[in-house]
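# Commentary on secondary and tertiary structure
Spelled out from the first residue to the last, the chains are:
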Amino acid sequence: MRGERRDRIWAAGMAVLVGALLVLVMWRGVLLIGSGSVAGAGIGVAVVVIAVVGGWVLWRSVRFGLRMQTLARELEVEGGLPVDDLPRRPSGRAERAAADELFQRRRAEVEASPEDWRAWFRLALAYDDAGDRSRAREAARRAFALHG
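Throughout, a residue's number is its position along its own chain's written sequence, starting from 1. Only residues with pLDDT of at least 70 get local features here, since the model is predicted, and only at 80 or more are side-chain atom pairs given and counted; chain-wide, interface and lining totals rely on the full set of residues. Computation of side-chain values: all heavy atoms of the structure, hydrogens and water removed.

### As for the overall build of the protein chain
Each helix is a run of H or I in the DSSP string that is no shorter than four residues. Each strand is a run of E no shorter than two, and both are numbered from the N terminus. Within the protein chain, the secondary structure is distributed over five helices and zero strands. When the elements of the protein chain are put in sequence order from the N terminus, they spell out α-α-α-α-α. Taking 2.2 N^0.38 as the reference for a compact globule, 148 residues should give roughly 15 Å; the C-alpha atoms of the protein chain span a radius of gyration of 20 Å, well beyond that estimate. The principal-axis extents of the C-alpha atoms in the protein chain amount to approximately 65 × 35 × 30 Å. The quantity called the radius of gyration is restricted to C-alpha atoms. Its globule counterpart is 2.2 Å times the number of residues to the power 0.38.

Pasting the structure below:
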């Protein structure tokens, strides 16, 4: 629990720092737009666009994390949150054979109950353990959609 709180504080702090950096970058872009030079204005517009896109990406990432936490808490209350007992390498990554075996079980759960957000959430965790981040996010989004 203590490590989980520390991780949340770290993530919130990093999000605030990135947000502050984006605000500063946007401010510099606005100053460039008002510089009076065509080149400066063009660069300023590009900087503002990059800052806006960065803000959108930051918002989506934070929102994704909060939604994952919400589903994890709900699953934990129900007693359905899987225990992370996979053997790990010194790097912290799950051992491939164990992660693949877990993934096969989770995929079978989804195939048996394709409309159950819990099965999709557990599949997302299994994809993550297997190192397939894009499919993990895809499965998590499916769990969000089914959860409502």
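### Remarks on the nonpolar core
Within soluble globular proteins, side chains that are nonpolar tend to cluster in buried spots. Among the nonpolar cores identified, the biggest contains 25 residues, and Phe-121 and Leu-123 are the most heavily contacted of them. Considering each element in turn, this core owes the most residues, eight residues, to helix α4 (residues 117–129). When neighbours within four sequence positions are excluded, Phe-121 is seen to be in contact with Met-68, Leu-71, Ala-72, Leu-75, Leu-81 and Ala-143. Definition used in this section: a nonpolar core is a set of buried Ala, Val, Leu, Ile, Met, Phe, Trp, Tyr and Cys residues joined via side-chain atoms within 4.5 Å. When a residue's accessible area, from a 1.4 Å probe over protein chains only, is under 20% of the maximum for its type it is buried; when over 50% it is exposed; and in between it is partly exposed. Whether two residues are in contact is decided by their heavy atoms, any of which lying within 4.5 Å being enough.

### Description of the layout of surface pockets
To locate leftover empty space, one rolls a probe as large as a water molecule over the atoms. Any residue with an atom within 4 Å of a point lines the site, the site being either a cavity, points on a 1 Å grid over the protein atoms alone where a 1.4 Å probe fits but cannot get out, or a pocket, an open set with protein on both sides within 12 Å along at least 5 of 7 lines. Grid points are joined across faces, edges and corners, and a volume is the space filled by probe spheres set on the points. When its volume is computed, the largest pocket comes out at roughly 710 Å³. Residue lining of the largest pocket: 18 residues in total, with Asp-7, Arg-8, Ala-11, Gly-65 and Gln-69 positioned closest to the centre. Sorting the residues of the lining of the largest pocket by element identifies α1 (2–33) and α2 (38–78) as the ones contributing at least two each. It is α2 that contributes the most residues to the lining of the largest pocket, nine residues altogether. Residues were grouped as follows: Ala, Val, Leu, Ile, Met, Phe, Trp, Tyr, Cys and Pro as nonpolar; Asp, Glu, Lys and Arg as charged; and all remaining residues, including Gly, as polar. Here the lining of the largest pocket is composed, by residue class, of nine nonpolar, three polar and six charged. Within this model, the second largest pocket holds a volume of roughly 570 Å³. Lining the second largest pocket are 22 residues; nearest its centre among them are Met-68, Ala-124, Leu-125, Asp-128 and Asp-129. Those elements that place two or more of their residues in the lining of the second largest pocket are α2, α3 (96–112), α4 and α5 (133–147). A per-element tally of the lining of the second largest pocket places α4 first, with seven residues. Grouping the constituent residues of the lining of the second largest pocket by class yields 13 nonpolar, one polar and eight charged.

### Some details on α5
For α5, with 15 residues, the first-to-last C-alpha span of 21 Å sits near the 21 Å given by 1.5 Å per residue. Every buried residue belonging to α5 is among Ala-136, Ala-139, Ala-140, Ala-143 and Phe-144, and all of these are buried. Viewed end-on, α5 has its buried residues packed into an arc of 150°, placing them on one side of the element. Exposed and oriented more than 90 degrees from the buried face of α5 are Ser-134, Glu-138 and Ala-145. One less than the number of residues in a helix, times 1.5 Å, gives the span that helix is expected to have. This arc is built from the directions going out from the helix axis to the C-beta atoms.

### Remarks on the pattern of salt bridges
Here, a salt bridge means any Lys or Arg side-chain nitrogen found within 4 Å of an Asp or Glu carboxyl oxygen. Taken as a whole and assessed by the stated rule, the structure comprises twelve salt bridges. The closest approach of N and O atoms between Asp-129 and Arg-88, which form a salt bridge, is 3.4 Å. Of the two residues, Asp-129 is situated in helix α4 and Arg-88 in the loop between α2 and α3; the sequence distance between them amounts to 41 residues. Residue classification places Arg-88 among the partly exposed positions, given a relative accessible area of 32%. Put simply, Glu-101 and Arg-105 hold a salt bridge, and the shortest N to O gap is 2.9 Å.

Distances and angles like these do not, on their own, reveal function.
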